[in-house]
Amino acid sequence: MKRSRQCYADPVDDQFQQIRSGRTLPSQSLRQLVESGFVVVPGPVSGDPFNELTAAYDEVMAVAAGPDFRVASSTTRMSDLLTYASVFHDVYLYPPLLEACSHIIGEPFKLSSFLARTLRGGTPAQELHADLVRGSEDAPLLGFILMIDSFREENGATRFVPNSQNWPDLPCDRLSDARAKYADEVLGRGERGTMIIFNGAIWHGHTANVTPDSRRSIQGYFVRRSARSGFDFRNRMLPAARSRLNPLARYLLALDDETR
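It should be emphasised that the depicted structure is a prediction, and the values quoted were computed from it without experimental measurement.

### Some details on the confidence of the model for the protein
Averaged over all residues, the pLDDT of the protein equals 93, while 95% of them reach at least 70. In the predicted structure, residues 1-8 sits below a pLDDT of 50 and forms 8 contacts with residues beyond four places in sequence or in another chain.

### Side note on the sheet that holds strand 8 (residues 194-199)
Judged by pairing direction, the sheet is antiparallel, and its 7 strands sit side by side in the order 1-8-5-10-4-3-2 without closing on themselves. Among the strands making up the open sheet, the edge pair consists of strand 1 (38-42) and strand 2 (69-71). For this sheet, the mean angle separating the axes of adjacent strands, direction not counted, is 20°. In this sheet, strand 4 (residues 109-119) lies alongside strand 3 (residues 75-78) in antiparallel orientation, the contact comprising 4 bridges. For arginine 77, the partnering residue across the bridge sits in strand 4 and is arginine 117. Against the sheet, helix 3 (residues 47-63) contacts strand 2, strand 3, strand 4, strand 5 (141-147) and strand 10 (215-224), and its axis sits at roughly 95° relative to strand 10. Sitting on the sheet, helix 5 (residues 95-104) touches strand 4, strand 5, strand 8 and strand 10, and the angle it makes with strand 8 is about 5°.

### A short note on unusual backbone geometry
In this structure, proline 140 follows alanine 139 across a cis peptide bond, with omega equal to 0°. Its place among the elements puts proline 140 in the loop between strand 4 and strand 5. Here the phi dihedral of asparagine 163 falls at roughly 75°; this positive angle occurs in a residue that is not glycine. For asparagine 163, the position within the fold is in the loop between strand 6 (158-160) and helix 6 (171-174). Even without being glycine, alanine 254 reaches a positive phi, approximately 55°. Of note, alanine 254 is situated in the segment after helix 9 (247-252). Taking relative accessible area as the criterion, alanine 254 reaches 8% and is therefore assigned buried.

### A closer look at the nonpolar core
The nonpolar side chains of a soluble globular protein tend to be buried, and buried together. Phe88, Tyr92, Phe109, Phe114, Ile218 and Phe222 are the most contacted members of the largest nonpolar core, which has 53 residues in total. By size, the runner-up hydrophobic cluster in this structure holds 14 residues, among which are Ile145, Ala157, Ile202 and Val223.

### Some details on the side chain of serine 74
Tracing the backbone through its elements, the reader meets serine 74 in the loop between strand 2 and strand 3. Ignoring sequence-local partners within four residues, the contact set of serine 74 consists of Thr118, Leu119, Arg120, Thr123 and His206.

### Digging into the pattern of salt bridges
Under the defined criterion, the tally for this structure stands at 10 salt bridges. Across the salt bridge formed by arginine 216 and aspartate 58, the nearest N and O atoms sit 2.8 Å from each other. Within this pair, whereas arginine 216 is found in strand 10, its partner aspartate 58 is found in helix 3, the two being separated by 158 residues in sequence. Between arginine 250 and aspartate 256 there is a salt bridge whose closest N-O contact spans 2.7 Å. Where salt bridges share partners, they join Asp58, Asp149 and Arg216 into one cluster.

### Side note on the sheet that holds strand 9 (residues 204-206)
Across the sheet, 3 strands lie side by side as 7-6-9; this open sheet has antiparallel pairing. Both edges of this open sheet fall to strand 7 (186-188) and strand 9, since each of them pairs with a single strand only. On average, each strand axis in the sheet is inclined to that of its neighbour by 30°, with strand direction left out of account. As judged from the 3 bridges shared by strand 6 and strand 7, these two strands associate in the antiparallel manner. Among the inter-strand pairings, phenylalanine 160 is bridged to a residue of strand 7, identified as valine 186.

Criteria and thresholds
Residues numbered from 1 in each chain as written. Predicted model: local features only at pLDDT ≥ 70, side-chain atom pairs only at ≥ 80, totals over all residues. Heavy atoms only, no water. pLDDT = per-residue confidence, 0-100. Contact = heavy atoms within 4.5 Å. Pairing = 2+ DSSP bridges. Helix = DSSP H or I, 4+ residues; strand = E, 2+ residues; numbered from the N terminus. Axes fitted to C-alpha atoms, helices over the stretch in contact; angles between N-to-C directions. Buried < 20%, exposed > 50% of the residue type's maximum accessible area, 1.4 Å probe, protein only. Core = buried A, V, L, I, M, F, W, Y, C linked by side-chain atoms within 4.5 Å. Salt bridge = Lys/Arg side-chain N within 4 Å of Asp/Glu carboxyl O.

This is the structure:
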């Protein structure tokens, strides 16, 4: 048993150290992420590859059904996105995003969730919230949002309260109306293809989409390898799709964790 655990640990540690040694995330971006709790950076794809990703997004959402597809009061979500097209893998494999994970999480990590999320037109603001309760055993958590459409003030751009990832309380503990505008909030705005990287403990939530048009995004989270996952990629990904993945993707999806 001890030998099996060692065989598991070494590749994981090697992948983590290689990511940690990268230099694709500018130091000022990392500093803003650490201090403010979020940062807006250029995304992983542009031009024709981004158009391909957008087309794949729309195709998936047009045919999605079952328990992984959910139509909520203001958003439409699909949580099994990676099953449908290889172009989506470029998002969670983005080196600056992984370097951010290595610094915020601080130890070997894995992808916890990866989903399509469409904010429908004419919807109210979301309540300010954090994605982890204070003191959660699953902390730290690193989130990302890839803008399929541009994020603007009028179409529901995500708002963040800088430095709130360090506060001991949550919006529900302090605010009588968590949907109302917060004095120090900052909008995460950008053109299509832009990515937001954020600490899951920060206060955040989308603003009202007062336009008639939907606003699309791809979102996900990374957690420590020992933390609970939001989605079981290991048992849900089809064998044919698994066979095409490189070692880094297999590491991030924790596909080989059964050898532990």
